[in-house]
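Coordinate analysis (summary)
What follows is each chain in one-letter form.
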Amino acid sequence: MTNIDLTLLSSLEKVMKGEKVSESNFSGFSMLNNERKSFQLFISSGSDSVSLEIKSDLDCITAYTVEYLPSEFAINEKTADDYVIRSKDGFYPDLLLPVAETVSLENGEKTVWFEIKPDNKLAAGKHKIEIIVSSGDSENSVSLEIEVIGCSLEKQSLIFTNWFHSDCLMQEYGFEAFSDEYWRVVKNYMAVASEHGMNCILTPLFTPSLDIAVGGERPTVQLVDVTLEKGRYSFNFDKLKKWIETAQSCGINYFEMAHFFTQWGAKFAPKIMATVNGEYKQIFGWKTLVISKKYKKFLTQFAAELKSFIEAMGLKEKTLIHVSDEPNSSQTFTYRIAANIIKKLFSGYRIIDALSDFKFYKKGLVNTPIPANDHITPFIGNVPELWTYYCCGQDNKYVSNRFFSIPSQRNRVLGYQLYKYDVKGFLHWGFNFWNTRYSKMKINPYEITDAGKAFQSGDSYVVYPKKDGTPLCSLRLKVFYDGFQDMMALQTLEKLAGRKKALAVLEDGLDKELTFFEYPHSKEWQLETRERINAEIKNSLETQNNK
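Residues numbered from 1 in each chain as written. Predicted model: local features only at pLDDT ≥ 70, side-chain atom pairs only at ≥ 80, totals over all residues. Heavy atoms only, no water.

**Examining the packing of helix α9 (residues 475–497) against helix α11 (residues 523–546)**
- Remark: α9 packs on α11, axes separated minimally by 9 Å, with the N-to-C direction vectors making an angle of 30°. Considering their axes alone, α9 and α11 lie roughly parallel with respect to each other. Regarding α9 and α11, the two cross each other, and that crossing is left-handed. The residues of α11 that touch α9, namely those facing Gln-485, Asp-486, Ala-489, Leu-490, Thr-492, Leu-493, Leu-496 and Ala-497, are Gln-526, Arg-530, Ile-533, Glu-536, Ile-537, Ser-540, Leu-541 and Gln-544. (Axes fitted to C-alpha atoms, helices over the stretch in contact; angles between N-to-C directions. Helix = DSSP H or I, 4+ residues; strand = E, 2+ residues; numbered from the N terminus. Parallel < 35°, antiparallel > 145°, perpendicular 65-115°, else oblique. Left-handed = near helix turned anticlockwise from the far one by under 90°. Contact = heavy atoms within 4.5 Å.)

Okay, here's the thing in structure tokens:
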């Protein structure tokens, strides 16, 4: 007989390769009737493989193995704080692979991730899940109890965009832009993004001028066909219309138009292709300065027709306009020129940009600034809509992030923070950026997880490419969405009992006020807080029903 040892774990554990798994008191949880919930099972056995059997009246449970991927740049030790799992390079748990008939063990061990993913509302009440693990004549099992509360999560109101790079899909799968295969794969990836909270998509009117060195370029993914004849531009929006309709079919209803000027200072125009006297060629790009009268003339004609198109589709309130990404104080001059052009051309539209210097907003250069979460303080209470983002630079001050090397609780706590500060939008730059820094070369995301030692592993993507044109998820993506569900649960409680009550439940027992920088560094606190929220939702429902 072969021993099979099993340890139930919450979704907030990261089991590190070769490290002993400690005892766990995890035995179940509560959930609302339309949300997704995950947990893990650590298996240790002398056999090479085991079989899994799930017994439950819940028929919506999917199992994945947790796979380890390499990191050559886990954390920036010069800037990072100490709330990390470890700072050294090596292998980290991240990729989730759907379980087939058997689970192969590595050195006699494997972590399995289970996701409860209801298609419809689950029946209220208590449900048991038993997991039976067997190998030959050996067998062991564990059980956990799930309580489903007869209430649904509030619909997500926060706008979330995680930049979608269709050129990376083209490079990975080898198809041409706008081919049938392009649209098939784009839709597959949009669907998974939407399933994990992304309701806004970066839309490449022109090829985005993002993460490229000056003079470089990325594959053309321009959605608007431009023709120049006799000094007059004309535009065809058929591809843009198909992009929008594809996104809408996946549940994405906000459209973030790619930046009209280059990243880090708005000094140049993006790459724009056009048919000129029958020849398809580039008409604007790195040689086009922000002060170009020719480009301004182009934008004037384009903006008028784009607005007509957007408004005819009823999307004005769902459209977000960009000037340039991440300008700093030394680039105010060029950003001001670009911003003034866009503000005039898109008056009445929401104009957003990721920037962390409050002076840009005070000077009226952007109406919806998006500061990094480690620079958010001056913006709190001083802007009409509070947005935030994080990327590779947010590894300090204990702010939330999603790197391989940080605890999952630090990823998930963002949801509580978004609710506390009534944040209206969240941005991240890397849904599927499978390039090195500045897009100098394509990478294999299974082998290079840090953009060529440029960004801490986990920063530049949250999905992995599968050969069939569908994405595989990371555990970081699942944990991130759990944070959104925490936010929506608080909004559900607010609807039932008021915001004051929801905040009181969230911060109950804390020695210090919850902020973007202050929160208990504890997975137990994270989970217990969510259980308190659920208990108050249940109590509020019972109080209403008894009236």
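There is more to say, and it comes next.
**Examining the packing of aromatic side chains**
- Under the defined criterion, the tally for this structure stands at 47 aromatic pairs.
- Where Phe-160 meets Phe-426, the ring centres are 6.0 Å apart and the plane angle is 40°; that geometry is what we call tilted. Here Phe-426 lies in strand β22 (residues 425–428) and Phe-160 lies in strand β11 (residues 159–162), a separation of 266 residues in the sequence. As far as the burial class goes, Phe-160 and Phe-426 line up, both buried.
- Sitting over the ring of Tyr-92, Arg-86 keeps its end group 4.9 Å from the ring centre. (Phe/Tyr/Trp six-rings, centres within 6.5 Å; stacked < 30°, edge-to-face > 60°. Buried < 20%, exposed > 50% of the residue type's maximum accessible area, 1.4 Å probe, protein only. Lys NZ or Arg CZ within 6 Å of the ring centre and 35° of its normal.)

**With respect to the pattern of salt bridges**
- By the definition in use, this model includes 32 salt bridges.
- Note that Lys-478 and Glu-115 form a salt bridge whose closest N and O atoms lie 3.2 Å from each other. With Lys-478 in helix α9 and Glu-115 in strand β8 (residues 109–116), this pair connects stretches of sequence that are 363 residues apart.
- Ionic contacts of the salt-bridge type, sharing partners, join the residues Glu-35, Arg-412, Asp-482, Asp-486 and Arg-530 into one network. (Salt bridge = Lys/Arg side-chain N within 4 Å of Asp/Glu carboxyl O.)

**Considering the sheet that holds strand β16 (residues 272–276)**
- The four strands lie next to each other as β14-β13-β16-β17, forming an open sheet whose pairing is mixed. At either margin of the open sheet sits one strand with a lone partner, and together these are β14 (232–236) and β17 (279–284). With strand direction ignored, the average angle separating the axes of adjacent strands in the sheet is 40°.
- Bridge count between β16 and β17: five bridges; the pairing is antiparallel. The residue bridging Val-276 from the neighbouring strand is Glu-279, located in β17.
- Docked against the sheet, helix α4 (residues 293–312) engages β13 (225–229), β14, β16 and β17, running at close to 40° with respect to β14. (Pairing = 2+ DSSP bridges.)

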